[in-house]
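Topology and contacts: notes
Next come the chains, spelled out residue by residue.
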Amino acid sequence: MKIIESKDLVCRKIELLKKQNQTIGFVPTMGALHKGHYELLKQAKNENKVVVCSIFVNPTQFNNPEDLKKYPRDLQKDFDYIADVCDLVFVPSVEEMYPENPTDSYDFGYLDTVMEAAFRPGHFNGVAMVVRRLFEIVKPDNTYFGKKDYQQALIVKELIKQMKVPIRMVMVDTVRESDGLAFSSRNSLLSSDKRKQAPFIYQTMQKVQTLMNNMKPQEIEGWIQDQFKEQKDFDLEYATIVQADNLQPIHDFATHTQAVLCVAAYLDNIRLIDNLELNKI
Ligand code: PAF
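Just so you know, these numbers come straight off a predicted model, no measurement behind them.

1. Let's talk about the pattern of salt bridges
- Under the definition given, this model contains 21 salt bridges.
- With its nearest N and O atoms 3.1 Å apart, the salt bridge here joins Arg132 to Asp104. Taken together, the residues Arg132 in helix H7 (residues 123-138) and Asp104 in the loop between helix H5 (94-97) and helix H6 (116-119) connect sequence positions 28 residues apart.
- Judged by relative accessible area, which is 16%, Asp104 ranks as buried.
- Here Glu136 makes a salt bridge to Arg132, at a shortest N to O gap of 2.8 Å. Here Arg132 and Glu136 lie together in helix H7, a separation of 4 residues that amounts to about one turn.
- Glu136 sits in the partly exposed class, given a relative accessible area of 39%.
- Within the structure, one salt-bridge network assembled from shared partners comprises Asp67, Glu116, Arg120, Arg186, Glu237 and Arg271.

2. Details of the site of the ligand
- Taken together, the residues surrounding the ligand are Pro28, Thr29, Met30, Asn58, Gln61, Val130, Phe145 and Gln152.
- Within the contact set of the ligand, an oxygen atom lies 2.6 Å away from a side-chain nitrogen or oxygen of Gln61.
- Contact between the ligand and Gln152: an oxygen atom at 2.7 Å from a side-chain N or O atom of the residue.
- Across the complex, the protein chains shield 89% of the 290 Å² of accessible surface that the ligand would expose by itself.
- Along the lines of polarity and charge, the residues of the shell around the ligand split into 4 nonpolar, 4 polar and no charged.

So, how was this worked out
- Residues numbered from 1 in each chain as written.
- Predicted model: local features only at pLDDT ≥ 70, side-chain atom pairs only at ≥ 80, totals over all residues.
- Heavy atoms only, no water.
- Salt bridge = Lys/Arg side-chain N within 4 Å of Asp/Glu carboxyl O.
- Helix = DSSP H or I, 4+ residues; strand = E, 2+ residues; numbered from the N terminus.
- Buried < 20%, exposed > 50% of the residue type's maximum accessible area, 1.4 Å probe, protein only.
- Near = heavy atom within 4 Å.
- Polar contact = N/O pair within 3.5 Å; in protein donor to acceptor, adjacent residues only side chain to side chain.
- Areas by Shrake-Rupley, 256 points an atom, 1.4 Å probe, with all protein chains shown as cover.
- Nonpolar A, V, L, I, M, F, W, Y, C, P; charged D, E, K, R; others polar.

Structure below.
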């Protein structure tokens, strides 16, 4: 596995690979890699000749400086973890990614007004800033994003459309710990006591599947809020049932093909998000 810090060097490598008609699969990350990332890379390896991963803790997508400061970082551990599923890892510095103060601004319409966008203003603009730059450098044929960050995946799909580039976006299923907690770099920030409570999010979401026959989406959202109120260590930010392809609210399960339940909650000041695609019964 090659480790490269310079974007010019990555560009040159990619050019060479393209001349040899090699397909490129790309997984952008912020490091602190876990099984969720590994699955993205594994799928990329199955479907492409060359797998590229980027590791860059992108400052423009953090609206809370404390969150950026405490974001877990361990590059050597990351390199060792992915060496068998990755050919090239791009690890730029902030100056390399943003030689000038970035000012680009994006319009993702409704997608960038709800859920994460409502609670983390500017977050997706920051994500788009870095993902656009990474796509321009790596020029992947296929890119892989986890469904855990469901809204982000839809925003990146829209970004690809707006960039008018022939990149195929693959949304990969969320990988969970044996107790149901979705893998996330932030899980490592939980104390062992709080870690034990964290599966409550997934357990609550799973119960929703059984309520769908008798309750309307808005009633279920209220039910979830009540469940969280009984958990003193959790602070629920939102629990919302939306259409899978555009995040518009759903008022009646019968009229929609695919619904997704999205949840964000703080557990001891650590922000966790998760979602579940709801199957019609
Ligand atoms: O999901 C992430 O880790 C980040 O938002 C991404 C896509 C790597 C952009 O910094």
